[in-house]
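Each chain, written out:
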Amino acid sequence: MAVLIQAELDKLKKSLLTLSAEVEEQVQKAVQALLTCDKTLADSVRKDDDKIDLMEVELEEDCLKVLALHQPVAHDLRFIVSVLKINNDLERMADHACSIAERAIDLSRIMCPESPYDVEAMGNKVKEMLRTALDALMKTDSELAHQAIEMDDPVDQIHRQNFVIIRKAIIDNPQMTEVLLHFLSVSRYLERMGDLATNIAEDVIYQIEGEIVRHGVDQQESKG
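This is a predicted model, so every value here is computed, not measured.

Cut-offs used in this document
- Residues numbered from 1 in each chain as written.
- Predicted model: local features only at pLDDT ≥ 70, side-chain atom pairs only at ≥ 80, totals over all residues.
- Heavy atoms only, no water.
- Helix = DSSP H or I, 4+ residues; strand = E, 2+ residues; numbered from the N terminus.
- Contact = heavy atoms within 4.5 Å.
- Buried < 20%, exposed > 50% of the residue type's maximum accessible area, 1.4 Å probe, protein only.
- Core = buried A, V, L, I, M, F, W, Y, C linked by side-chain atoms within 4.5 Å.
- Expected span 1.5 Å × (residues − 1).
- Polar contact = N/O pair within 3.5 Å; in protein donor to acceptor, adjacent residues only side chain to side chain.
- Axes fitted to C-alpha atoms, helices over the stretch in contact; angles between N-to-C directions.
- Parallel < 35°, antiparallel > 145°, perpendicular 65-115°, else oblique.
- Left-handed = near helix turned anticlockwise from the far one by under 90°.
- Nonpolar A, V, L, I, M, F, W, Y, C, P; charged D, E, K, R; others polar.
- Phe/Tyr/Trp six-rings, centres within 6.5 Å; stacked < 30°, edge-to-face > 60°.
- Lys NZ or Arg CZ within 6 Å of the ring centre and 35° of its normal.
- Disulfide = S-S within 2.5 Å.

S.K.: Any chance you could explain the environment of Met55 here in plain terms?
M.R.: Note on placement: Met55 falls in helix H2 (residues 39-70). Along the sequence, Met55 and Val179 sit 124 residues apart, while their C-alpha atoms lie 34 Å from each other. In contact with Met55, not counting residues within four places along its chain, are Thr18, Leu19 and Glu22.

S.K.: I keep staring at the side chain of Ser20 and nothing clicks. Help me out?
M.R.: Relative to the helices and strands, Ser20 resides in helix H1 (residues 2-36). Here Ser20 falls in the buried class, since its relative accessible area comes to 5%.

S.K.: What is the right way to look at the nonpolar core in this model?
M.R.: Nonpolar side chains in soluble globular proteins tend to be buried together. If you look at the biggest cluster of nonpolar residues, it comprises 63 residues, and the most contacted ones within it are Leu90, Met93 and Leu190. Mapped by element, the contributors of at least two residues to this core are H1, H2, helix H3 (74-110), helix H4 (119-139), helix H5 (142-150), helix H6 (152-172) and helix H7 (177-209). In terms of residue count, H7 provides more of this core than any other element does, 14 residues in total. Setting aside anything within four residues of it in sequence, one finds Leu190 in contact with Val31, Ile100, Val119, Met122, Gly123, Val126 and Val155.

S.K.: Help me out: how do you make sense of unusual backbone geometry in this one?
M.R.: Phi is mostly negative for residues that are not glycine, and the peptide bonds are mostly trans. In the Ramachandran plot, Cys37 falls in the positive-phi region, its phi being about 55 degrees despite a non-glycine side chain. Overall, Cys37 belongs to the buried group, its relative accessible area being 16%. Residues other than glycine seldom take positive phi values, yet Thr140 does so here, at roughly 50 degrees. If you trace the backbone, Thr140 turns up in the loop between H4 and H5. For Thr140, a relative accessible area of 41% puts it in the partly exposed group.

S.K.: I tried to follow H4 on my own but got confused; where do I start?
M.R.: Count 3.6 residues to each turn of an α-helix, and residues three or four apart come out pointing the same way. Taking 1.5 Å per residue, 21 residues should reach 30 Å; H4 reaches 30 Å between its end C-alpha atoms and fits that length. The set of residues buried in H4 consists of Val119, Met122, Gly123, Val126, Lys127, Met129, Leu130, Thr132, Ala133, Leu134, Ala136 and Leu137. Elements in contact with the buried residues of H4: H1, H3, H5, H6 and H7. For H4, the capping residue at the N-terminal end is Asp118, with a side-chain oxygen 3.3 Å from the backbone nitrogen of Glu120. Trailing H4 by a residue or two, Thr140 shows a phi angle of about 50 degrees, which is positive.

S.K.: Teacher, can you tell me more about the packing of H4 against H7 here?
M.R.: Any two packed helices are characterised by the angle at which their axes cross and by the distance between the axes. Their axes nearest at 9 Å, the elements H4 and H7 cross at an angle of 15 degrees. Regarding the angle of H4 to H7, the classification is roughly parallel. Considering the relative orientation of H4 and H7, their crossing is left-handed. Residues belonging to the contact of H4 with H7 are distributed by class as follows: 18 nonpolar, five polar and one charged.

S.K.: I would appreciate a short explanation of the packing of aromatic side chains in the present structure.
M.R.: How two aromatic rings sit relative to each other is set out by the distance from centre to centre and by the angle between their planes. For the coordinates displayed, the defined rule picks out one aromatic pair. An angle of 85 degrees between the planes, with centres 6.4 Å apart, marks the rings of Tyr117 and Phe183 as edge-to-face. Here Phe183 lies in helix H7 and Tyr117 lies in the loop between H3 and H4, a separation of 66 residues in the sequence. Of the residues examined, Tyr117 reaches a relative accessible area of 8% and is grouped as buried. A cation over a ring is seen here: Lys85 above Tyr206, with NZ or CZ 6.0 Å from the ring centre. Lying over the aromatic face of Tyr189, Arg188 brings its terminal NZ or CZ to 5.9 Å of the ring centre.

S.K.: Looking at this model, I keep getting lost on the state of the cysteines. Mind explaining?
M.R.: Scanning all chains against the criterion turns up zero disulfides. With no disulfide partner, Cys98 has as its closest neighbouring cysteine sulfur the one in Cys37, 17 Å distant. Overall, Cys98 belongs to the buried group, its relative accessible area being 10%.

Have a look at this one:
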């Protein structure tokens, strides 16, 4: 029985890492489409979102099958619960990437303006957060997970700075309001992706230690 469930858990982990690679690529393509006003690339992000949705549903179904057939407990149960939650967070990240692609399409229809802030740098920070959180999952390393959580504060700070930059730009150039609001939306989507990467890191800590750290809670699950 132990060998069978371990094989199923390994399969879940592999599927989750495959999904995460797809989501990371979606983020990269969406930001690139925005920077280059590449409508074709942005359209591909939107089309690929259906594939990611299907992957998310299939992984959830696989998790439920393992729960029903093997009735795991303790660490194995925490792992499956974590996979279910991370699976959902990854799908939501892909949705935000799709939203960025939609903003890229909107901007390509206007003029392909230059961003008032460094979109690529912010996107890279978010991708680094996601990669670190997933490395923590793959290596069963709670220290890496904590590092990913700590990366969220700089992303939040960048978003706050972007808001100030865009507010001033709207005041100085009110004719550019529509364009600037699109870029503000992109900053907000990236900031939300950072929050989702934080959620993933917190779920990794729960899986490894049985410790809930979300929403400032710091408690050990009851034993037994």
